[in-house]
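Coordinates in review
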Amino acid sequence: MAEKYENMVGKVFKTNSGTDCVIIEYNHSRDMNIKFLDKFGHEMNTSLPDLRVGKVKNPFAPAVCGVGYLGEGKYKPSVNGVKTLAYVQWHGMIRRGYTDEHKKKNPSCEKSYVCDEWHCFDTYAEWFYQQKGWDRGFHLDKDIKGDGTQKYSPET
């Protein structure tokens, strides 16, 4: 039986988001550790049935406009099925920076983009919840300083 387990370690699977992952530890079919084969190398515990049917999700796979990803930390995109304000703001910012449809409708956003660190929702949410007035419905505005920058970032 141990030989069967040993054969599972090193086996590569593809997730539904297209990220490859490898089994790095196999205790039994309901208890194994995997590592995603991307630049983040995120590790997690899962089950073989979930891995085989594609239920395993890489929190670092770019799922929003090809660049935005959730990351992993204390901030969630929704609570009790309702999207959080941080997620709504972040998703809108990513959309403004990376969708042709939005840029065509809003030519002033043609060169807009988001700093690399904010491609991660969890990193953005950390910044967001530290801002005074986040709970009073303020708006994210990269132009507020009036320096002509097209970059969304903590500095702008």
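Just so we're clear, the structure is a prediction, and the values are computed from it rather than from any experiment.

**Structural notes on the layout of surface pockets**
Space inside the largest pocket adds up to approximately 350 Å³. Every residue lining the largest pocket is counted, 19 residues in all, and those nearest its centre are K57, N58, P59, L70 and G71. When its residues are assigned to classes, the lining of the largest pocket shows 11 nonpolar, five polar and three charged.

**Looking at helix α5 (residues 121–128)**
Most of α5 is tucked away, with six of its eight residues classed as buried. Here α5 has its buried residues at F121, D122, Y124, A125, W127 and F128. The inward-facing, buried residues of α5 contact α3 (85–98).

**Brief notes about the pairing of strand β2 (residues 20–28)**
Inspection of the sheet shows strand β1 (residues 12–14) paired to β2 by three bridges, in the antiparallel sense. Across the sheet, F13 pairs through a bridge with C21, a residue of β2. Counting the residues that bridge the hairpin from β1 to β2 gives five residues, and of these G18 lies at a positive phi of roughly 95 degrees. Taken together, the six bridges between β2 and strand β3 (residues 31–36) define a ladder with antiparallel strand orientation. Along β3, the bridge assignment pairs I23 with I34. The loop that links β2 with its antiparallel partner β3 comprises two residues.

What counts, and where the lines are drawn
Residues numbered from 1 in each chain as written. Predicted model: local features only at pLDDT ≥ 70, side-chain atom pairs only at ≥ 80, totals over all residues. Heavy atoms only, no water. 1 Å grid on protein atoms, 1.4 Å probe; cavity = no way out; pocket = protein on both sides within 12 Å on 5 of 7 lines; lining within 4 Å. Points joined across faces, edges and corners; volume = space filled by probe spheres on them. Nonpolar A, V, L, I, M, F, W, Y, C, P; charged D, E, K, R; others polar. Buried < 20%, exposed > 50% of the residue type's maximum accessible area, 1.4 Å probe, protein only. Helix = DSSP H or I, 4+ residues; strand = E, 2+ residues; numbered from the N terminus. Contact = heavy atoms within 4.5 Å. Pairing = 2+ DSSP bridges.

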